[in-house]
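As a plain string of letters, each chain reads:
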Amino acid sequence: MLVDFAADVAATPIAVEEAAVAAERDGYDGFAAAETKHDVFPALTLAARATERITLQSAIAVAFSRNPMNVAVLANDLQLISRGRFQLGLGSQVQAHIERRFAMPWGKPAARMEEFVRAVRAIWAAWGGERLAFRGEFYRHTLMTDFFNPGPNPYGNPPVLVAAVGEHMTRTAGRVADGLLVHPLTSAAYLSERTLPALREARGGDLGDFTVCLSAMVVLGETEAERSRAEQAVKGQIAFYASTPAYRAVLDMHGWGDLADQLNLLSRRQAWTEMTALISDEVLDTFAVTGGAALRERFAGLVDRISLYTPYEIDPGVKASSLSSVATEP
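Reference entry: report on the structure contained in this document. (Residues numbered from 1 in each chain as written. Predicted model: local features only at pLDDT ≥ 70, side-chain atom pairs only at ≥ 80, totals over all residues. Heavy atoms only, no water.)

To continue, consider the nonpolar core. Counting 102 residues, the largest nonpolar core has F31, L88, L90, L185, I238 and F299 as the members making the most contacts within it. For this core, the element with the most residues is helix 5 (residues 109–127), which contributes ten residues. Filtering out sequence-adjacent residues up to four positions away, L88 remains in contact with F41, S58, V71, A75, W124, P159, V160 and L161. (Core = buried A, V, L, I, M, F, W, Y, C linked by side-chain atoms within 4.5 Å. Buried < 20%, exposed > 50% of the residue type's maximum accessible area, 1.4 Å probe, protein only. Helix = DSSP H or I, 4+ residues; strand = E, 2+ residues; numbered from the N terminus. Contact = heavy atoms within 4.5 Å.)

Written as structure tokens, this is what we have:
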């Protein structure tokens, strides 16, 4: 497995840049930045200018808050700035955020994502000399003049990775993307019994050079008090994710559908403390790893790239040492 560093999900663009520099210095293979409080593209642009070797991934950029043309331009520019080190990670977000936060249309998310990625690729192909004539159900791109055409990227087009939880979106990733971004709310059983079979079905049984990436939730700490704080933070994050109806399938597989319903009801009242209290040690152990040593044992053969999801303050040195057991073998 390749080992990536995942920036704090709420990190500012400057903090992302600093974290990328540190990750490259510490020997990580890749670096991933999320899009929550800040736009991921300016942050990764800073990171690209400040680093030389490490791969840079948007994990994720929200696809449906944008359109294929501006994503194609942004990704192309980051590929140029990073000299071929960019990986375009796209996610759909959920209906409430797309409609109520971004004021954008929602509907048929798996089909829309498939068309979105195909449209981005058609635009890149047009910059390489093909005629732009993309006509789909959701997107239509039929105009590209020389004035707006940057030409083919000298570093090639960046790989496209799609985030997925359910089997429909997972199959979409298998059909049109170069890799899958596995949601942190997952388990080894869900990966092996649902995610990977869906990918193989979509790709005719052969994953080949298709890349499966996972940001794994972990409980870390040098002292018992630190580990206890980390455990509570991870339980809170599990509760937050598990309250989302779109992620219910993961809990259903383990027989925790009723828990998903309870969490969703409490989330409407923003009862975060009550939600965290509902996450038992069994649920925690299913969706998170305590300590870094168990990561290879749990996920070897299931994922190709792994990073640590730590929704709490942690010394970077502790995080790095926890990943030493899953580093790429010679």
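The subject of this paragraph is helix 5. The end-to-end C-alpha distance of helix 5, which contains 19 residues, comes to 27 Å, matching closely the 27 Å that a straight helix rising 1.5 Å per residue would cover. Taken from the residues just after helix 5, G129 is the one with a positive phi, measuring 120 degrees. (Expected span 1.5 Å × (residues − 1).)

So, about the side chain of D4. By the secondary structure assignment, D4 is in strand 1 (residues 2–6). Since its relative accessible area comes to 8%, D4 is described here as buried. For D4, the side chain forms a polar contact with the main-chain nitrogen of G30, separated by 3.0 Å. (Polar contact = N/O pair within 3.5 Å; in protein donor to acceptor, adjacent residues only side chain to side chain.)

The next thing to look at is the pairing of strand 1. In the case of a regular strand, side chains alternate between the two sheet surfaces. A large share of strand 1 lies buried, amounting to four of its five residues. Note that strand 1 and strand 12 (residues 305–309) share two bridges and pair parallel. Paired with L2 across the two strands is R305, which belongs to strand 12. Of the strand pairs in this sheet, strand 1 and strand 2 (residues 30–33) are connected by three bridges, and their pairing is parallel. Following the sheet pairing, A6 is matched in strand 2 by A32. In the classification by handedness, the crossover that spans strand 1, the intervening helix 1 (residues 13–25) and the parallel strand 2 is right-handed. (Pairing = 2+ DSSP bridges. Right-handed = clockwise from strand over helix to strand, strands pointing away.)

The next point concerns the packing of aromatic side chains. For the structure shown, the criterion picks out twelve aromatic pairs. Consider the rings of F5 and Y28, whose centres lie 5.3 Å apart with planes at 80 degrees: the pair is edge-to-face. Here F5, found in strand 1, pairs with Y28, found in the loop between helix 1 and strand 2; they are 23 residues apart in sequence, far enough to count as distant. Accessibility expressed as a relative area gives 14% for F5, which makes it buried. Taken together, a centroid distance of 6.1 Å and an interplanar angle of 5 degrees make the contact between F5 and F31 stacked. Here F5 is found in strand 1, whereas its partner F31 is found in strand 2, with 26 residues between them in sequence. (Phe/Tyr/Trp six-rings, centres within 6.5 Å; stacked < 30°, edge-to-face > 60°.)

This paragraph deals with helix 1. Three or four residues apart is the spacing at which side chains of an α-helix point the same way, because the helix has 3.6 residues per turn. Compared with an ideal rise of 1.5 Å per residue, which puts 13 residues at 18 Å, helix 1 spans 19 Å between its outermost C-alpha atoms and is within 8% of the ideal. Along helix 1, the positions that sit buried rather than exposed are V16, A19, A20, A23 and E24. Viewed along the axis of helix 1, the buried residues span an arc of 135 degrees, placing them on a single side of the element. Of the residues in helix 1, the exposed ones pointing more than 90 degrees away from the buried face are E18 and R25. Downstream of helix 1 by a residue or two, G27 has a phi angle that is positive, lying close to 90 degrees. (Arc of directions from axis to C-beta.)

What follows covers the pairing of strand 12. By the criterion of burial, strand 12 is predominantly enclosed, with five of the five residues buried. Going residue by residue along strand 12, you find R305, S307 and Y309 tucked away on one face and I306 and L308 tucked away on the opposite face as well. Here five bridges tie strand 10 (residues 211–219) to strand 12, and the two strands are oriented parallel to one another. What sits directly across from S215, in strand 12, is S307.

A few words on the environment of T286. Residue placement: T286 occurs in helix 12 (residues 281–287). Note: C-alpha distance between T286 and T186 (100 residues apart in sequence) is 8.2 Å. Those residues in contact with T286, other than ones at most four positions away along the chain, are T186, S187, H254, W256 and R298. Within polar-contact distance, the side chain of T286 engages the backbone oxygen of E282 at 2.9 Å.

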